[in-house]
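Per-entry structural report
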Amino acid sequence: VEERRVLTRLENFVNSHPGWSELCHGHLRRCVSSLLGEEYVLYKEKLNLKPPGGSGFAPHLDTPSLRIALGKDGPSTFVTVMVAIDDMTERNGCLRVVRGP
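Fair warning: this is a prediction, and the values are worked out from it, not measured in the lab. (Residues numbered from 1 in each chain as written. Predicted model: local features only at pLDDT ≥ 70, side-chain atom pairs only at ≥ 80, totals over all residues. Heavy atoms only, no water.)

Observations regarding the packing of aromatic side chains
What counts is decided by this rule: Ring geometry is summarised as follows: Phe, Tyr and Trp rings, the Trp one being its six-membered ring, pair when their centres sit within 6.5 Å, and such pairs are stacked at plane angles under 30 degrees, edge-to-face over 60 and tilted between the two. Exposure categories follow from relative accessible area, calculated using a 1.4 Å probe and restricted to protein chains: below 20% of the type maximum is buried, above 50% is exposed, and the middle band is partly exposed.
Tallied over the full model, the rule gives one aromatic pair. Arranged with centres 5.4 Å apart and planes meeting at 90 degrees, the rings of Phe13 and Trp20 form a pair that is edge-to-face. For Phe13, a relative accessible area of 16% corresponds to the buried category.

Structural notes on the environment of Val32
Basically, it comes down to this: Secondary structure counts use DSSP, requiring at least four H or I residues in a row for a helix and at least two E residues in a row for a strand, with both numbered from the N terminus. Note on contacts: a residue pair is in contact if any heavy atoms of the two residues lie within 4.5 Å.
Relative to the elements of secondary structure, Val32 occurs in helix α1 (residues 18-36). Given the relative accessible area of 14%, Val32 is considered buried. Along the chain, Val32 and Ala69 lie 37 residues apart, while their C-alpha atoms are 22 Å from each other. When near neighbours in sequence (up to four residues on either side) are disregarded, Val32 contacts Tyr40, Val79 and Val81.

A few points about the side chain of Ser33
As for its position among the elements, Ser33 is in helix α1. Setting aside chain neighbours within four positions, we find Ser33 in contact with Glu38, Glu39 and Tyr40.

So this is what it looks like as structure tokens:
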């Protein structure tokens, strides 16, 4: 059996690309900050690459893992923003958002 390695995630790329940098540090930051009434900053960016037929992610909350990583002195409020770079349909595996606990 031949082992095949597939790239499935990119992180820490925003500052290396002018378009992504303007989108995240500029447009999205201004939108989120304006909507929520206080200044927000980018903490982490991640680009998930999901090839056809690949498995998705189990239902989860982003906030608990960030709280563990940052500890009690970290921020108490987090906002997750998703930017789809391909069409999202039920057939190709769109994101589902559900009411939290």
